[in-house]
Amino acid sequence: QVQLVESGGGLVQAGGSLRLSCAASGSIFSIGTMKWYRQTPGNQRELVANITTGGSTNYADSVKGRFTISRDNAKNMVHLQMNSLKPEDTSVYYCNAFLRTTIADPWRNYWGQGTQVTVSS
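Let's shift gears to the overall build of the chain. The helix and strand inventory of the chain stands at zero helices and 11 strands. Reading the chain from its N terminus to its C terminus gives the helix and strand order β-β-β-β-β-β-β-β-β-β-β. A globule of 121 residues ought to have a C-alpha radius of gyration of about 14 Å, and the chain, at 14 Å, matches this closely. For the C-alpha atoms alone, the extent of the chain along its principal axes is close to 50 × 25 × 20 Å.

In structure tokens:
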């Protein structure tokens, strides 16, 4: 079984910073792109950033220049450094990993439990 465990969420003031971390563990044969999403009640889930195994990154326009996604392939971890936080960044942030557990199993997406980020004005 694969598990994604997140940490780093919390309450910060506007302009502050947080660093989210997500570790994928369990039976992992191969792991590909890892992503961060966010979702607030009543809204659609939004892709915040993603990063490939090789380190190529993409960001939502709303966070570009403020957030940085990174990964540690040896530890199957992905991080999201969030700077200059705004109240509109308040959301539940979810880690996502595209992986397969064995060479014979299909690739699929796995999700973390979500971590709350609250930015006060």
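Here the focus is the nonpolar core. W36, L80, M82 and Y93 are the most contacted members of the largest nonpolar core, which has 28 residues in total. Of all elements in the fold, only strand 1 (2-7), strand 3 (18-26), strand 4 (30-39), strand 5 (46-51), strand 7 (67-72), strand 8 (77-82), strand 9 (91-100) and strand 11 (115-120) reach the threshold of two or more residues within this core. Dropping the residues within four chain positions of it, L80 is found in contact with L18, R19, L20, W36, V48, A49, F67, T68, I69 and Y93.

Attention now goes to the side chain of E6. By secondary structure assignment, the location of E6 is in strand 1. There is no salt bridge for the buried E6, and the closest opposite charge comes from R45, which lies 8.7 Å off by N-O distance. Polar side-chain contacts of E6 include one of 2.3 Å to the backbone nitrogen of C95. Here the side chain of E6 touches T115 through a polar contact of 3.2 Å, landing on its backbone nitrogen. Apart from residues lying up to four places away in sequence, E6 is in contact with S21, C22, W36, Y93, Y94, C95, G112, Q113, G114 and T115.

It is worth spelling out the sheet that holds strand 7 at this point. Within the open sheet, the four strands sit side by side as 1-3-8-7. Their pairing is antiparallel. Each edge of the open sheet carries a strand with a single partner, namely strand 1 and strand 7. Strand after strand, the sheet turns through a mean of 15° between neighbouring axes, direction not considered. Relative to strand 8, strand 7 runs antiparallel, the two sharing six bridges. Bridge pairing links F67 to M82 in strand 8.

Each disulfide is one covalent bond, formed between the sulfur atoms of two cysteines. The full count for this structure, using the stated rule, is one disulfide. Linked covalently through their sulfurs, C22 and C95 form a disulfide whose S-S length is 2.1 Å. Taking the torsion about the sulfur-sulfur bond, which here is approximately -80°, the covalent link between C22 and C95 counts as left-handed. Note that C22 is positioned in strand 3 and C95 in strand 9, a separation of 73 residues in sequence. An identical accessibility class is assigned to C22 and C95; each is buried.

The rules we used
- Residues numbered from 1 in each chain as written.
- Predicted model: local features only at pLDDT ≥ 70, side-chain atom pairs only at ≥ 80, totals over all residues.
- Heavy atoms only, no water.
- Helix = DSSP H or I, 4+ residues; strand = E, 2+ residues; numbered from the N terminus.
- Rg over C-alpha atoms; globule rule 2.2 N^0.38 Å.
- Core = buried A, V, L, I, M, F, W, Y, C linked by side-chain atoms within 4.5 Å.
- Buried < 20%, exposed > 50% of the residue type's maximum accessible area, 1.4 Å probe, protein only.
- Contact = heavy atoms within 4.5 Å.
- Lys, Arg positive; Asp, Glu negative; His and termini not counted.
- Salt bridge = Lys/Arg side-chain N within 4 Å of Asp/Glu carboxyl O.
- Polar contact = N/O pair within 3.5 Å; in protein donor to acceptor, adjacent residues only side chain to side chain.
- Pairing = 2+ DSSP bridges.
- Axes fitted to C-alpha atoms, helices over the stretch in contact; angles between N-to-C directions.
- Disulfide = S-S within 2.5 Å.

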